[in-house]
Amino acid sequence: MTDTHHTERLDSRSGLSRRTFMGYVIAGATLATGAEMTVGTETAEAVIPTVPGPAEILDLNDLLTLAAAPTATLVTVKIGTDGRASFALPRAEVGQGIVTSTAMMIAEELDLPVDKIDVTLAKARPELMFNQLTGGSNTTISTYTPIRVAAALAKQQLLKAAAIVLGDTADALVAKAGVITGPTGQSVTYGELAAKASVADTVRAQVTLKTRSEHTVIGTPQRRTDALEAVTGKKKFAMDLDVADALPTMVARPPTHNGAPVRLKNEAAVLDLPGVTHVAKIPTGIAVRAKTFGQCIDAIREMDIEWSGGDLAGESDATILDKVKKAQLPMAVPKVPLLTQRVDAEFTFRFRSNSSLEPNCAIADVRSGSAEIWGSLKSPVVAQEEIALELGLPIPKVTVHVTQGGGSFGRKLFHDAALEAARISKAMGKPVRLMWHRVDEPRQGRLHPMATSRVRATHLLGEVLTFEQRHTSVQTDFGHGLGEIITAQAAKLPVGGNLTFAQTIFTLTQEVPYNFGVVTQLLNETDDRFNTGSMRNIYSPDVRVASELVVDELARKLRKDPVAFRRKFLRSAAARDALDKVAEVGEWGRKLPDGVTQGVAIHKEYKGVTACLVELDTRPQTVGRSVRNAVTGPRVTKAVFAVDAGLVINPTGLEAQMLGGVMDGIALALTSSCHFEDGHFLEASWDNYFYTRQWNVPPEITVEIMPSTSGQPGGAGEAGVAASFAAIACAYARATGKMPTEFPINHADELAFEPKPFTPSVVQSPTDGLDHTY
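Comments concerning the nonpolar core
F516, V550 and F565 are the most contacted members of the largest nonpolar core, which has 71 residues in total. Here this core takes 10 residues from helix α20 (residues 721-736), the largest share from any one element. When near neighbours in sequence (up to four residues on either side) are disregarded, F516 contacts V464, L465, T466, F467, V551, L554, F565 and F569. Among the nonpolar cores identified, the runner-up in size contains 57 residues, and I79, M105, V149 and I180 belong to it.

This is the structure:
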């Protein structure tokens with residue numbers, strides 16, 4: 001790995017320099033190379049002046065990277081006779097831009113233009129074990145070195161082959177843009193060398209990576225390689241694939257969350273409807289297959305189904321919150337001086353939908369003795385294993401293709417649609433093209449759990465002596481592969497005792513970035529009856545909001561400016577720099593109209609740090625503005641976001657990630673939640689799940705990418721959420737003079753929509769769509 005100050009330091013175990021790695025030239029007809037990740041890895045050199053928490057020793061990203069390393073040799077870069085490089089990425093592209101950043105990493109070491117790199121998504125490969133899970137903002141961190149090693153080794157082999165062809169030494173040759181040129185001008189292309197550079201038997205080889213100062217691709221702004229296809233409708237998602245006889249399929253779902261079907265009373269009448277070919281009962285509802293999705297909707301609306309209400313029938317927000325509060329862990333402030341003062345606060349975070357813009361969907365073709373699945377899957381190996389178990393097939397007989405996805409935010413860590421599609425295809429004996437209705441996702445899909453967060457801080461003579469946080473949540477489902485990784489890597493974790501999967505992940509992701517004396521953060525979870533998931537940034541947004549609101553309250557009690565207070569207690573120079581940047585660019589403390597206030601927050605996670613400053617308009621004319629069928633309320637009018645994500649592969653992609661994170665933060669703070677009443681979630685589709693809309697987007701947003709001397713990328717996919725959510729909460733507290741204790745702030749307001757019917761589970765397709773445009 002590149003070290004900007006000591007590029008040739010030797011690893012004491014191997015004698016290799018810190019940017020020298022071992023890899024393999026893999027036997028085959030054309031050139032293929034892979035990386036070995038057992039030597040040459042960079043060791044931490046940072047000295048933390050206070051006792052570090054577990055996440056500062058080894059965090060969730062480190063855990064995922066360690067788990068992926070043993071099978072790095074199985075991920076290969078190939079050179080074709082057409083001179084193009086190809087790479088099957090064992091991760092899911094769901095809009096975060098990793099196909100582009102991966103192409104950039106290969107292009108850098110291979111000295112090949114980005115547009116000559118073909119990055120596809122690998123199908124489920126059980127032999128990769130834990131090296132095919134997309135989550136925790138880990139993709140670039142865990143693949144950065146293996147991909148570059150494989151690419152550099154490919155170039156090294158091409159240079160050796162070119163030396164023979166051109167009759168010169170490899171050191172005298174220059175590789176550029178897919179052509180290798182000798183001192184006298186003679187040249188040969190990568191395509192012409194692809195077969196000559198191949199080997200009959202796999203061999204181990206040593207390769208040296210470029211230093212950071214030699215980078216010409218990494219760190220430069222790059223438009224997404226799939227952008228043109230996306231905006232012209234040519235990009236292929238699961239529902240776009242041409243799979244023979246895979247007809248549209250949908251599911252009639254129970255009126256209550258996690259209810260179940262008992263029987264379809266009018267099956268014959270449904271089968272007689274136009275276009276309908278099959279119906280089948282599955283654990284989650286009654287499936288129907290027809291010639292069009294419209295005919296599926298019509299069939300569901302005609303179904304007469306007897307339902308079982310399930311374990312949640314009769315429950316509501318209030319009863320679930322009561323259960324959460326009963327599971328709260330006690331505070332345990334250590335002994336402090338007699339005159340010490342205390343700040344206590346408790347916050348409630350409501351259920352939120354984990355749906356993405358692309359409807360939950362999959363294609364399945366289950367035959368006698370085999371099955372084939374297509375879908376956007378972030379943990380395809382787990383999906384393959386569980387589908388094989390469900391179908392009673394050996395794992396090798398189930399092929400799982402990973403398709404491009406239209407968003408995820410953690411949703412596609414779960415393979416709900418793929419498993420349903422497999423069940424339906426088996427029951428019907430036909431290929432199916434399953435798509436969830438928009439109504440299905442907030443009512444029966446994955447949710448971010450309801451939670452409370454309690455904070456107690458003590459202070460004396462201007463110093464914070466203790467800072468305790470107790471986070472309590474409806475149970476988060478980690479049955480998507482992370483649990484297995486934790487089990488496999490348990491001996492390496494800086495935590496002990498009998499922690500659950502959830503408590504381990506909480507411990508490996510949460511940091512208090514301030515020097516606040518004795519610090520403890522604990523999690524307890526309860527109630528496993530809901531479909532929950534690892535929504536973007538998992539625990540951090542809620543935990544950070546509670547913490548930063550208390551930080552503001554401490555500053556107020558100590559009569560300190562919020563920025564100055566944070567700056568005094570921050571333990572990280574990178575965090576102070578990010579805070580200084582947003583304060584400078586956002587003009588912290590500038591004169592604003594009455595009713596417009598600033599808020600600021602810091603978040604530290606995944607070896608990176610973020611800071612956000614917002615301006616929030618709470619004036620009556622803004623709060624009361626009217627937009628048809630919309631929730632308005634306070635508006636963020638300005639956001640300045642600073643991110644230190646270590647070595648940045650693609651600044652354009654990083655900026656886009658932060659912009660999306662700010663939109664998430666606005667929604668979580670102000671408008672988006674799911675109301676639970678009598679066993680039902682009331683929200684249904686995006687028209688009444690009030691995510692950030694254009695009328696709530698800040699007119700002014702600035703993203704500042706902080707300079708970093710790190711030779712390693714940090715996590716970026718989730719980094720934009722927590723600090724923006726917390727900054728908005730802090731601005732709202734300053735505007736109203738009262739700390740908000742429930743999020744989003746409008747959850748308890750009068751419902752802003754009329755709930756759609758629960759039976760039938762889907763609504764009639766509109767025929768007047770143009771009348772609903774803005």
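Considerations on the packing of helix α15 (residues 540-557) against α20
Where α15 contacts α20, the axes come no closer than 8 Å and their chain directions differ by 40°. Considering how the two elements wind past one another, α15 and α20 form a crossing that is right-handed. Facing S540, P541, D542, R544, V545, E548, L549 and D552 of α15, the residues of α20 in contact are V721, A722, F725, A726, A729, C730, A733 and R734. Here the residues of the contact of α15 with α20 are counted per class, giving 10 nonpolar, one polar and five charged.

Details of helix α11 (residues 416-428)
For an α-helix, the turn length of 3.6 residues means that residues three or four places apart are oriented alike. When the terminal C-alpha atoms of α11 are compared, their 18 Å separation across 13 residues agrees well with the 18 Å that a helix rising 1.5 Å per residue should span. Most of α11 sits out of view: 11 of its 13 residues are buried. Here α11 has its buried residues at D416, A417, A418, L419, E420, A421, A422, R423, I424, S425 and M428. One or two residues past the end of α11 sits G429, with phi positive at roughly 70°.

Side note on the sheet that holds strand β24 (residues 518-526)
Sheet architecture is open: five strands sit in the order β24-β23-β22-β15-β31, paired in mixed fashion. Looking at the sheet topology across the chains shown, the edges are occupied by β24 and β31 (742-743). The pairing of strand β23 (residues 463-474) with β24 spans nine bridges and is parallel. Paired with T466 across the bridge in β24 is V518. Against the sheet, helix α9 (residues 317-326) engages β15 (341-349), β22 (451-460), β23 and β24, with an angle of about 130° to β23.

Describing helix α4 (residues 139-166)
Taking 1.5 Å as the rise per residue, α4 with 28 residues should run 40 Å; its terminal C-alpha atoms sit 39 Å apart, in good agreement. Where α4 bends most, at T145, the angle is about 30°, and the proline P146 comes one to four residues later. Counting buried positions over the 28 residues of α4 gives 24, a clear majority of the element. Following α4 by one or two positions, G167 has its phi on the positive side, about 70°.

Basis of the calculations
Residues numbered from 1 in each chain as written. Predicted model: local features only at pLDDT ≥ 70, side-chain atom pairs only at ≥ 80, totals over all residues. Heavy atoms only, no water. Core = buried A, V, L, I, M, F, W, Y, C linked by side-chain atoms within 4.5 Å. Buried < 20%, exposed > 50% of the residue type's maximum accessible area, 1.4 Å probe, protein only. Helix = DSSP H or I, 4+ residues; strand = E, 2+ residues; numbered from the N terminus. Contact = heavy atoms within 4.5 Å. Axes fitted to C-alpha atoms, helices over the stretch in contact; angles between N-to-C directions. Left-handed = near helix turned anticlockwise from the far one by under 90°. Nonpolar A, V, L, I, M, F, W, Y, C, P; charged D, E, K, R; others polar. Expected span 1.5 Å × (residues − 1). Pairing = 2+ DSSP bridges. Bend = angle between axes of the 7 residues up to and from the residue.

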